[in-house]
Amino acid sequence: MTGLGALFRPQLPPERLHALARLADESALEELWLWEDCFLEGGVSAAAAALAWTERLRVGIGLLPVPLRNVAVTAMEAATLERMFPGRAVLGVGHGVQSWMGQVGARAESPLTLLREYLDALRALLRGERVTTDGRYVRLDAVALDWPPAEPVRVLAGATGPQSLRLSGQAADGTVLTASTTAEGVRRARALIDDGRAAAGRTDPHHVVVYLLTATGPDAAARLRAELDATGLGSVPDLGVAGDAGAVAKAVRRLAEAGADTVVLQPTGDEPDPEGFVRFAAGEVRPLVP
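Residues numbered from 1 in each chain as written. Predicted model: local features only at pLDDT ≥ 70, side-chain atom pairs only at ≥ 80, totals over all residues. Heavy atoms only, no water.

> Run through the pattern of salt bridges, naming residues and quoting values.
If you walk through the whole model with that rule in mind, you get 20 salt bridges. Between Asp173 and Arg123 there is a salt bridge, and its shortest N-O distance comes to 3.0 Å. Of the two residues, Asp173 is situated in the loop between helix 6 (162-171) and strand 8 (174-177) and Arg123 in helix 5 (residues 111-126); the sequence distance between them amounts to 50 residues. Asp173 sits in the buried class, given a relative accessible area of 9%. The shortest N-O distance in the salt bridge between Asp204 and Arg202 comes to 2.6 Å. (Salt bridge = Lys/Arg side-chain N within 4 Å of Asp/Glu carboxyl O. Helix = DSSP H or I, 4+ residues; strand = E, 2+ residues; numbered from the N terminus. Buried < 20%, exposed > 50% of the residue type's maximum accessible area, 1.4 Å probe, protein only.)

Structure (structure tokens):
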């Protein structure tokens with residue numbers, strides 16, 4: 001079955017998360033995703049709160065910018081969430097927006113090298129290994145978690161370009177694709193991910209999550225168009241969806257047929273009713289997505 005989620009955009013104040021998380025938990029949605037966009041809301045703190053307020057909901061962080069966080073700290077956070085909320089926290093890491101990384105003095109000269117070193121070290125730490133490494137960016141001296149996860153933790157990588165997608169296939173357990181990804185883009189991403197997996201000799205499952213920019217209601221088409229134009233994506237065909245549950249479900253199915261395992265409905269930045277959006281996703285779209 002295709003996983004279906006909704007996104008809590010950090011343009012909403014943090015205090016709105018409680019009601020939305022509870023609503024998602026009581027509905028048919030499997031997942032609620034969060035962003036750690038500079039300089040809005042902390043991904044781990046928001047995810048921990050959402051997990052504590054809910055009973056069954058999976059909460060994804062898509063994604064944590066690796067230049068901002070020492071890999072040992074990220075491993076500690078991920079292990080803590082997994083031990084407190086087994087199987088419910090989904091962790092994504094990635095390059096981060098380079099202009100933001102520059103603003104905080106954390107921009108890496110080679111983001112790809114940093115992500116490769118980071119993924120290798122993070123997954124090893126979460127496996128309970130003692131890690132010593134002296135890379136260009138990641139340096140650890142006999143570091144091991146005292147409270148490693150009891151079960152394996154999937155680490156997803158945010159990726160867009162060909163090199164990052166191949167790296168995700170080589171070194172991550174899944175990939176997070178942005179809402180600028182069409183169905184054809186998902187197919188191309190899957191092919192590049194598979195290239196990386198083949199090069200690394202990996203045969204384990206690789207979970208692909210893709211955001212789908214979604215608008216519903218009487219002004220849906222105008223809101224979708226305005227957001228696409230504002231982000232410079234207005235000329236990209238077949239990007240995003242505006243309409244009723246049938247139209248949204250059809251767009252979800254296209255992405256799933258192209259290779260997405262989970263589709264996360266991303267409301268527009270000016271969504272007038274975030275709670276209503278979650279109800280729409282769970283009550284109207286979910287029954288139409290096999």
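> So what's going on with the environment of Val104? Residues and values would help.
Mapped onto the secondary structure, Val104 falls in the loop between helix 4 (98-103) and helix 5. For the pair Val104 and Arg16, spaced 88 residues apart in sequence, the C-alpha to C-alpha distance is 27 Å. With near-sequence residues (within four places) excluded, Val104 lies in contact with Phe39 and Leu68. (Contact = heavy atoms within 4.5 Å.)

> Break down the packing of helix 6 against helix 7 (residues 183-200) for me, citing the residues and quoting the values.
The N-to-C vectors of helix 6 and helix 7 enclose an angle of 50 degrees; their axes lie 6 Å apart at closest approach. By the angle class used here, helix 6 and helix 7 are oblique. As for how helix 6 packs across helix 7, the hand of that crossing is right-handed. Residue-level contacts link Pro162, Leu165, Arg166, Gly169 and Gln170 of helix 6 to Ala189, Leu192, Ile193, Asp195, Gly196, Arg197, Ala199 and Ala200 of helix 7. Taken together, the residues of the contact of helix 6 with helix 7 break down into seven nonpolar, three polar and three charged. (Axes fitted to C-alpha atoms, helices over the stretch in contact; angles between N-to-C directions. Parallel < 35°, antiparallel > 145°, perpendicular 65-115°, else oblique. Left-handed = near helix turned anticlockwise from the far one by under 90°. Nonpolar A, V, L, I, M, F, W, Y, C, P; charged D, E, K, R; others polar.)

> Would you mind going over unusual backbone geometry in detail, with residue names and values included?
The omega angle of the peptide bond from Cys38 to Phe39 is 0 degrees, so this bond is cis rather than trans. Along the chain, the position of Phe39 falls in the loop between strand 2 (31-34) and helix 2 (43-53). The phi dihedral of Ala142 is positive, around 55 degrees, even though this residue is not glycine. Considering the arrangement of structural elements, one finds Ala142 in strand 6 (residues 139-143). Relative accessible area serves as the criterion here: at 36%, Ala142 is assigned to the partly exposed category. The backbone phi angle of Asp238 is positive, close to 60 degrees, even though this residue is not glycine. Locating Asp238 in the fold gives a position in the loop between helix 8 (220-230) and strand 10 (241-242).

> So what about the environment of His206? Which residues, and what values?
One can find His206 in the loop between helix 7 and strand 9 (207-215). Taking the C-alpha atoms as reference points, His206 and Leu145, 61 residues apart in sequence, are found 25 Å from one another. Once residues within four sequence positions are removed from consideration, His206 is found in contact with Ser168, Gly169, Ala172, Asp173, Gly174, Thr175, Arg190, Ile193, Arg197 and Asp261. Only 2.7 Å separates the side chain of His206 from the side chain of Thr175, close enough to count as a polar contact. (Polar contact = N/O pair within 3.5 Å; in protein donor to acceptor, adjacent residues only side chain to side chain.)

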